[in-house]
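Each chain, written out:
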Amino acid sequence: MNQSQTIAVDIVLLPPREAMEQIIAINKNTPAWGPLALDDYLPHLSLAIGCIAKERMGELREAVASITRGFSPIPVALFEICFVERSSGGKNYALRAQKTRELQKLHEDLMRGLTGLFSEDAARASVYADPGEEVSEPDYVADFGAQYSFASFDPHVTLRNKEEPACELPIAFTASDVTACHIGEMVTCRKKLFSVPLG
């Protein structure tokens, strides 16, 4: 892991183990750009993304706990496959979640509530990287707020498949925690930083 002074952070919902294992199996059974797993490259649903100084991580945890205190555990239904075109060619596939009122509100409350803590000015050194791993410029940190939030929020769990996977949907689960993860290459969740309970 790199030793940067700032950390690129993804605030996410993590599926419970059974749903995680279903998503990992979908990714494994179709040619993929890389793995998903229970302890690294975590399947996740992004709610807010930003960069923060390491020494302010405690403040971030307190802020997330305060924002989420009024929420109960949130039902999530992954109901269809979607994709975006990769700039380098090929496609990135995902399982789109139904955008419920509760999920939208949680996203918006986190985006507004973390404005004073989060910066969109992320650098490569802010991204989690294995020894010797090269990572690209994390433009997606700024892009999330500008292009994929509020009315443009499209909740999903990203797969790493190169081809459209065959799978049985919906995958339904209840998310009981909000988790902060250290972002790796292409908005992968590499390391859990902290979790706070919903409700």
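Residues numbered from 1 in each chain as written. Predicted model: local features only at pLDDT ≥ 70, side-chain atom pairs only at ≥ 80, totals over all residues. Heavy atoms only, no water.

Engineer: Account for the pairing of strand β4 (residues 91-97), with residues named and values stated.
Structural biologist: Counting buried positions along β4 yields five of seven residues, so the element is predominantly enclosed. Here strand β3 (residues 74-85) runs beside β4; their pairing, made up of seven bridges, is antiparallel. Directly across from C82, in β4, lies its bridge partner A94. Turn length for the β3-β4 hairpin, with the two strands adjacent in sequence and antiparallel, is five residues, and the turn residue G89 shows positive phi of about 105 degrees. (Buried < 20%, exposed > 50% of the residue type's maximum accessible area, 1.4 Å probe, protein only. Helix = DSSP H or I, 4+ residues; strand = E, 2+ residues; numbered from the N terminus. Pairing = 2+ DSSP bridges.)

Engineer: Account for the packing of aromatic side chains, naming residues and giving values.
Structural biologist: One pass over the full model with this rule turns up one aromatic pair. Ring centres of F83 and Y93 lie 5.8 Å apart, and the angle between their planes is 55 degrees; on these two criteria the pair is classed as tilted. Taken together, the residues span a long stretch of sequence, with F83 in strand β3 and Y93 in strand β4 at a distance of ten residues. The exposure class of F83 is partly exposed, given its relative accessible area of 42%. Relative accessible area serves as the criterion here: at 6%, Y93 is assigned to the buried category. Here the guanidinium or amino end of R86 rests over the ring plane of W33, the centre of that ring lying 3.7 Å away. The ring of F83 has K91 sitting right over it, with the charged end atom 4.2 Å from the ring centre. (Phe/Tyr/Trp six-rings, centres within 6.5 Å; stacked < 30°, edge-to-face > 60°. Lys NZ or Arg CZ within 6 Å of the ring centre and 35° of its normal.)

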